[in-house]
Amino acid sequence: MPLLTDAVGQSLSTRPDIIGPEISKALSGLHDQIPPFPRDVAMKIIEEELGSPVEAFFCYMSKEPVAAASFGQVYRGVTLDGSNVAVKVQRPNLHHVVVRDIYILRIALGLVQKIAKRKSDPRLYADELGRGLSGELDYTLEAANASEFLEAHSSYSFIRVPKVLLHLSRKRVLTMEWMVGENPSDLISASSGDSVAHVSGYSARQQNDAKRRLLDLVNKGVEASLVQLLDTGLLHADPHPGNVRYTPSGQIGFLDFGLLCRMEKKHQYAMLASIVHIVNGDWPSLVHALTEMDIIRPGTSIQRVTMDLEYALGEVEFKDGIPDVKFSKVLGKIWSIALKYHFRMPPYYTLVLRSLASLEGLAIAADKNFKTFEAAYPYVVQKLLTDNSPATRRILHSVVLNRRKEFQWQKLSLFLRVGATRKSLQQLVAPNGEASLNCSPGGVNGAADVANLVLRLLPSKDGVVLRRLLMTADGASLIRMMISKEAIFFRQQICKAIADLLYKWMLEGIIAMIQHGSQLGLRSAPNNRDLSLHSRLSSPISDYHHHHHHHQSLLRDRRLKVIFFKALDSVRRDQVLTVRFCWVSFIMFMTASALACHRIVVSLSEIYLGPVVSLPSKQVAISF
């Protein structure tokens, strides 16, 4: 059973819940170690499947296979129209061998269950393996899988999936477009300075560039894993590094679609919730999410599982709201608890955890301080802030609101700081032609950027989740939050928005006065100086419209006015809070008025005297 042994070993390497993490790690080394079968046999299979000699379809076919797996091997070819392709050919006489060996494996696993006295039935794995391998024996199913995976992820520009050439694909032959890209193992060797192929060594610059590409591959691999898990629900079922490439255009490319894992929507939301609960240290909610995914068996003591999870993961330190720990360490703790309580680990759960742990292992070669959570959690935050589904809103509310629907400001602040690091989230709300923010989770600049991002997001079409959150929250807690010391950056941004609006009104008033004066006294002989003055005063207004459109939309948005007056109505019974809010509002308005007057003086000085006074308003400090 050598072929099935390799296939079983590779497949079992993704199921540590059955065999344990140590054996799983050892079996993962079976990838890319399968010897090839003769070329003439492969060419004969191609001719039998396509119905004509190889030369009738290909003008070139490599002498040796470029890759070999347990069930087939891949040749590089060129079609008659000049397209570079990868031709996958199945090993001969494979079907009856696999059926026989699966039957033997099922008997053996039944004996293992009796000897080891395990509660879980390992024979179910043989059934699962048999169903999966029967699909891998028919390359028309793999072609359908590849097309489905391509269609599901076509909107994600950083993911590359090769197209299938259906007219050159049959049950035992699969032809796909050739993907140009670097293997992760080659990137690791280049980043460490080891020789690859005919290259004897690398300069320091080449090593640093290889490290950059490797880290970019890992970051995109992490995001691709989360996209599959949380967005499309269609997972690549063999996520080892041999099936990944880094393309010259900076995309992550996927190969080998013999098996795909499909997730139910409720399991996607439960998985999203479990990630959030791990980060927030909410162990009872994590156990509830695991129960929703049918991972915890009925009859298991929920209280004991919660206590063990808290004991195992409660010691994790946090940095800027993200666990400051290697993902593999967290994964090891989860596996130990899973084995202790005989968790039923669904294939998607295992695949994603292994994929993220594998990517972290690759990243360590380029950056010893790489943290998977740091790369993954901003995507999760963006998902919660932009996905307007009931299930996602429930998860978001559980993070930032307590049982009385009051804001937990510290959690909300950390949550938003993490979300602000997502460039794609910034681009959703950045005005056309305006550079996106350069946010980092910590520090004063990071807090100011978060405030700017949130105030841009609120009136935008993508801010519906945030607006719903504010409508759901207790109004008094919202007002209390806005006048707190921690919310100074939000007040500063609102103050700037009011100042911009006042500046525009003042400038328009001055222009109206000049126009009125011209109409009264100079109707017969228009004064060129006044016309020039009018045009120069109009210029700042056009600049205002271009650069401060989001400020206008923030103050004029009817939905935000409804939220604001609802919050005000809820604080009427608290006289102390009302007085504090009125005082802070008065200070904000006076500060905004002073800023607007300052800008008017600067604008008029530049118009009449030239650029003598050059003190931009953005340099004026705001503190209240």
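Residues numbered from 1 in each chain as written. Predicted model: local features only at pLDDT ≥ 70, side-chain atom pairs only at ≥ 80, totals over all residues. Heavy atoms only, no water.

Brief notes about the environment of Lys-371
Item 1. Mapped onto the elements, Lys-371 comes out in the loop between helix 14 (347-364) and helix 15 (372-386).
Item 2. Judged by its relative accessible area of 14%, Lys-371 is buried.
Item 3. Put simply, Lys-371 and Pro-323 are 48 residues apart on the chain and 8.5 Å apart in space, counted from C-alpha to C-alpha.
Item 4. In this structure, Lys-371 is in contact with Asp-324, Val-325, Lys-326 and Glu-360, ignoring residues within four places of it in sequence. (Helix = DSSP H or I, 4+ residues; strand = E, 2+ residues; numbered from the N terminus. Buried < 20%, exposed > 50% of the residue type's maximum accessible area, 1.4 Å probe, protein only. Contact = heavy atoms within 4.5 Å.)

Side note on the pattern of salt bridges
Item 1. Taken as a whole and judged by the stated rule, the model has 16 salt bridges.
Item 2. The salt bridge partner of Glu-177 is Arg-160, with a shortest N-O separation of 3.3 Å. With Glu-177 in strand 6 (residues 173-177) and Arg-160 in strand 5 (residues 159-160), this residue pair connects regions lying 17 residues apart in the sequence.
Item 3. Overall, the relative accessible area of 23% leaves Arg-160 in the partly exposed class.
Item 4. Salt-bridge contacts for Glu-182 lead to Arg-213; the nearest nitrogen and oxygen are separated by 2.8 Å. With Glu-182 in the loop between strand 6 and helix 8 (184-192) and Arg-213 in helix 9 (residues 204-232), the pair connects residues that are 31 residues apart, well separated along the chain.
Item 5. Accessibility expressed as a relative area gives 28% for Glu-182, which makes it partly exposed.
Item 6. What makes Arg-213 buried here is its relative accessible area of 16%.
Item 7. A network of salt bridges, in which partner residues are shared, links Glu-182, Asp-209, Arg-212 and Arg-213. (Salt bridge = Lys/Arg side-chain N within 4 Å of Asp/Glu carboxyl O.)

Describing the sheet that holds strand 5
Item 1. In space, the three strands of this open sheet follow the order 5-9-8, with mixed pairing throughout. For this open sheet the edge positions go to strand 5 and strand 8 (244-246), each flanked by a neighbour on one side alone.
Item 2. By the bridge criterion, two bridges tie strand 5 to strand 9 (residues 252-254) in an arrangement that is parallel. Residue pairing for strand 9: Ile-159 is matched across the bridge by Ile-252. (Pairing = 2+ DSSP bridges.)

Things to note about the confidence of the model for the protein
Low pLDDT marks stretches whose predicted atomic positions should not be read closely.
Item 1. Across the protein, the average pLDDT comes to 78, with 76% of residues at 70 or higher.
Item 2. Confidence over residues 14-19 falls short of pLDDT 50; this stretch has 23 contacts with residues more than four positions distant or in other chains.
Item 3. Below pLDDT 50 for its whole length, residues 617-621 participates in five contacts with residues either more than four positions away or in separate chains. (pLDDT = per-residue confidence, 0-100.)

What to know about the packing of helix 11 (residues 283-292) against helix 12 (residues 302-313)
Item 1. One can describe the packing of helix 11 onto helix 12 by two numbers: an axis separation of 9 Å at closest approach and a directional angle of 120°. The angle between the axes of helix 11 and helix 12 places the two elements in the oblique class. Here helix 11 runs over helix 12; the crossing is right-handed. Across from Trp-283, Pro-284, Leu-286, Val-287, Leu-290 and Thr-291 in helix 11, the residues of helix 12 making contact are Ile-302, Val-305, Thr-306, Leu-309, Glu-310 and Leu-313. (Axes fitted to C-alpha atoms, helices over the stretch in contact; angles between N-to-C directions. Parallel < 35°, antiparallel > 145°, perpendicular 65-115°, else oblique. Left-handed = near helix turned anticlockwise from the far one by under 90°.)

Here's the deal with the nonpolar core
Item 1. In terms of nonpolar packing, the biggest core is built from 119 residues, with Leu-290, Phe-343, Tyr-349, Tyr-377 and Phe-407 touching the most fellow members.
Item 2. Residue contributions to this core peak at ten residues, all from helix 14.
Item 3. In this structure, Phe-407 is in contact with Val-400, Leu-401, Leu-412, Leu-469, Leu-470, Ala-473, Ser-477, Leu-478 and Met-481, ignoring residues within four places of it in sequence. (Core = buried A, V, L, I, M, F, W, Y, C linked by side-chain atoms within 4.5 Å.)

Let's talk about helix 15
Item 1. The end-to-end C-alpha distance of helix 15 is 22 Å, a good match for the 21 Å that 15 residues give at a rise of 1.5 Å each.
Item 2. For helix 15, the tally of buried residues reaches twelve of 15 residues, placing the bulk of the element in the interior. (Expected span 1.5 Å × (residues − 1).)

Digging into the pairing of strand 6
Item 1. Across the five residues of strand 6, four count as buried, placing the element largely inside the fold.
Item 2. Examined bridge by bridge, strand 4 (residues 84-90) and strand 6 share five bridges and lie antiparallel to one another. Residue pairing across strands places Val-85 opposite Glu-177, the latter belonging to strand 6.

Concerning the packing of aromatic side chains
Item 1. Summed over the entire model, instances satisfying the criterion amount to seven aromatic pairs.
Item 2. Ring geometry for Phe-149 and Phe-257: centres 5.3 Å apart, planes at 45°, overall tilted. Here Phe-149 is found in helix 7 (residues 139-152), whereas its partner Phe-257 is found in the loop between strand 9 and strand 10 (260-262), with 108 residues between them in sequence. Phe-257 shares its class with Phe-149; the two are buried.
Item 3. Relative to Phe-343, the ring of Tyr-341 has its centre 6.4 Å away and its plane inclined at 25°; by these criteria the two rings are stacked.
Item 4. Its relative accessible area of 8% is what places Phe-343 among the buried residues.
Item 5. Geometry around Tyr-503 places Arg-599 over its ring, the cationic atom sitting 4.2 Å from the centre. (Phe/Tyr/Trp six-rings, centres within 6.5 Å; stacked < 30°, edge-to-face > 60°. Lys NZ or Arg CZ within 6 Å of the ring centre and 35° of its normal.)

Here's the deal with the side chain of Ser-191
Item 1. Among the secondary structure elements, Ser-191 is positioned in helix 8.
Item 2. When residues no more than four places from it in sequence are discounted, the contact partners of Ser-191 are Gln-207, Ala-210, Lys-211, Leu-214 and Ala-365.

Structural notes on the packing of helix 9 against helix 10 (residues 265-280)
Item 1. Close contact between helix 9 and helix 10 brings their axes to 8 Å; oriented N to C, the two are set at 125°. With respect to their mutual orientation, helix 9 and helix 10 come out oblique. Residues Leu-226, Leu-229, Leu-230, Asp-231 and Thr-232 of helix 9 lie in contact with helix 10, whose contacting residues are Lys-265, Gln-268, Met-271, Leu-272 and Ile-275.
Item 2. A per-class count over the contact of helix 9 with helix 10 returns six nonpolar, two polar and two charged. (Nonpolar A, V, L, I, M, F, W, Y, C, P; charged D, E, K, R; others polar.)

Let's talk about unusual backbone geometry
Item 1. Located in the positive-phi region is Asp-294, a residue other than glycine, with phi close to 60°.
Item 2. Tracing the backbone through its elements, the reader meets Asp-294 in the loop between helix 11 and helix 12.
Item 3. The backbone of His-342 sits at a positive phi, close to 55°, despite the residue not being glycine.
Item 4. Mapped onto the elements, His-342 comes out in the loop between helix 13 (327-340) and helix 14.

Digging into a nonpolar patch on the surface
Item 1. Nonpolar side chains collect at one region of the surface, where Tyr-103, Ile-104, Ile-107, Leu-111 and Ile-115 lie side by side and expose about 560 Å² of accessible area between them.
Item 2. As for its placement among the helices and strands, Leu-111 is situated in helix 5 (residues 95-116). (Patch = residues over 30% accessible without salt bridge, like charges linked within 9 Å, V, L, I, M, F, W, Y side chains within 5 Å. Areas by Shrake-Rupley, 256 points an atom, 1.4 Å probe, with all protein chains shown as cover.)

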